[in-house]
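So you can see what is in the structure, the chains are spelled out below.
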Amino acid sequence: MKKWIKAVALAMAAASVLTLGACKKPAEDPDAALKEDVLLNNFEGWAPDLQLARFMNGFGKISLNSDSQYVSKGEKSARLDPLGWTGAGSLPLVYFPTQSDTFQFDYSDFSYVDYVSFDIYNANGEEKTMNAGLVSKVTSIESINRVCDQEFTLQPGWNTCTIQVEASVLAITADITDIKGVYFMFENAHSLNVTEDTPKYYLDNIMLVKKDEKSSTEFEIILRENEIADFELLYQQYMVANDNPSTVEVVNAAEYGLVAPSGNKVLRVVLNGVNTGYWKYFRISEVLIQATKLNGMSEAAAQNAYICFETYNNTDSAVNFPLDFTRASDGKAFLSTSNNCAPKQWTSYEYKITDILKEEPNFLKDPGQFLLNYKDDSSVDREFFFDNFRIEFRN
């Protein structure tokens with residue numbers, strides 16, 4: 001009798017285990033939502049897609065189109081009439097945010113984004129050039145940091161384009177979990193008004209296409225003692241960007257007939273000359289600056305410390321290259337000084353850190369980024385080389 005009772009009890013226990021196993025839910029993937037493709041903008045209505053569009057550089061006009069010839073999918077698309085400030089050579093830019101409190105969406109985490117795709121109709125009857133990429137930071141109402149910039153040659157009619165999200169490069173200068181938008185930048189139309197002759201495009205279906213594996217969000221910045229940027233390592237070229245499309249690349253100095261002040265490589269920068277008369281800049285990333293000894297340096301150490309670098313001006317006349325320092329917290333620039341760079345030679349610059357602290361006492365706690373300014377007062381391209389951004393300690 002006892003054996004029978006024991007057998008029944010064991011059977012009931014086994015059944016109980018099986019029942020519990022059958023009722024147990026599989027573990028949920030915490031990143032499931034991040035792995036889903038996102039239709040960021042389909043332009044089927046004014047809100048939110050066109051309402052949230054942000055214009056820069058005198059962009060021009062954006063409107064809702066319902067002509068099916070210019071619709072890739074659905075019933076509507078966005079008509080773009082890029083202009084730019086007339087006579088100024090500015091490149092009209094529009095970007096579409098990846099997040100909105102008003103419309104309660106947030107797609108700014110690009111950890112799983114493989115590429116961004118979009119359809120654009122070139123209605124100009126000839127090839128046109130356009131740049132597109134990602135907004136990593138909005139520094140002011142008039143300024144953004146652009147990453148993953150790509151140039152596209154648009155054929156007349158529909159073009160399907162993709163912006164590759166190169167996570168290994170993106171992680172160097174941006175937070176891949178907080179991408180602010182997708183931008184589109186066009187040639188200047190040299191017109192104040194939209195006319196039959198000004199460029200016209202139709203944009204549709206901006207998609208964030210995901211992948212299965214999460215991208216790494218970390219990048220190890222390797223610096224030598226007291227180095228800011230010596231450009232001997234290729235990654236440092238991605239730490240420098242221009243607010244105007246131009247050449248920014250790390251090169252071997254000897255290939256350009258130069259002797260590098262330090263090492264063998266230098267940063268080559270070619271500034272586009274459109275003679276706007278405006279001040280423009282290129283910047284050294286705050287991600288890099290914050291990895292240097294400037295970040296957290298004591299005021300005692302700063303008493304004998306200098307920020308130094310060299311510039312080679314490969315033009316026939318002196319050029320003023322003021323260096324601004326900015327706060328990381330709000331992008332505000334301070335301590336701009338004149339630096340006349342003599343033609344056809346290396347010029348050395350130095351800034352005493354205590355002078356910077358007089359202008360911004362929190363500089364060593366919030367060093368931000370460096371802005372090298374230049375006046376666009378030439379109608380021809382100009383070539384410069386930079387090297388050996390460093391900290392020097394002197395007795």
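Look up: the structure comes first, before these words.
Colleague: Explain the pairing of strand β21 (residues 323-326) here, please?
Modeller: Every second residue of β21 is oriented toward a common face, with Leu323 and Phe325 on one face and Asp324 and Thr326 on the other, all of them buried. Of the pairings in the sheet, the one linking β21 to strand β25 (residues 370-375) comprises three bridges and is antiparallel in character. Paired with Phe325 across the two strands is Phe370, which belongs to β25. With two bridges connecting them, β21 and strand β22 (residues 333-334) associate as antiparallel partners. By the bridge assignment for β22, Thr326 is matched with Ala333. Hairpin connection between β21 and β22: a loop of six residues separates the two successive antiparallel strands, and Gly331 in this loop has a positive phi of roughly 75°.

Colleague: Just checking my understanding: could you explain the pairing of strand β4 (residues 77-82) for this structure?
Modeller: Here is the key point about a regular strand: its side chains alternate between the two faces of the sheet. With five of its six residues buried, β4 lies for the most part within the structure. Pairing of β4 with strand β13 (residues 201-210) involves three bridges; the strand directions are antiparallel. Counterpart to Arg79 in the pairing with β13 is Tyr202.

Colleague: Explain the side chain of Asn373 here, please?
Modeller: Here Asn373 is to be found in strand β25. Given a relative accessible area of 11%, Asn373 falls into the buried group. A distance of 3.2 Å separates the side chain of Asn373 from the side chain of Asp324, its partner in a polar contact.

Colleague: Teacher, can you tell me more about the nonpolar core here?
Modeller: Generally speaking, soluble globular proteins have nonpolar side chains that are buried together. One finds Leu294, Ile307, Phe325 and Phe386 to be the most contacted residues of the largest nonpolar core, which totals 42 residues. Ranked by residues supplied to this core, first place goes to strand β26 (residues 382-393) with four residues. Among residues more than four places away in sequence, those in contact with Phe325 are Ile307, Lys332, Ala333, Phe334, Leu335, Tyr351, Ile356, Phe363, Gln369 and Phe370. Membership of the second largest hydrophobic core comes to 38 residues, among which are Phe59, Ala78, Met130 and Tyr201.

Calculation notes
Residues numbered from 1 in each chain as written. Predicted model: local features only at pLDDT ≥ 70, side-chain atom pairs only at ≥ 80, totals over all residues. Heavy atoms only, no water. Buried < 20%, exposed > 50% of the residue type's maximum accessible area, 1.4 Å probe, protein only. Helix = DSSP H or I, 4+ residues; strand = E, 2+ residues; numbered from the N terminus. Pairing = 2+ DSSP bridges. Polar contact = N/O pair within 3.5 Å; in protein donor to acceptor, adjacent residues only side chain to side chain. Core = buried A, V, L, I, M, F, W, Y, C linked by side-chain atoms within 4.5 Å. Contact = heavy atoms within 4.5 Å.

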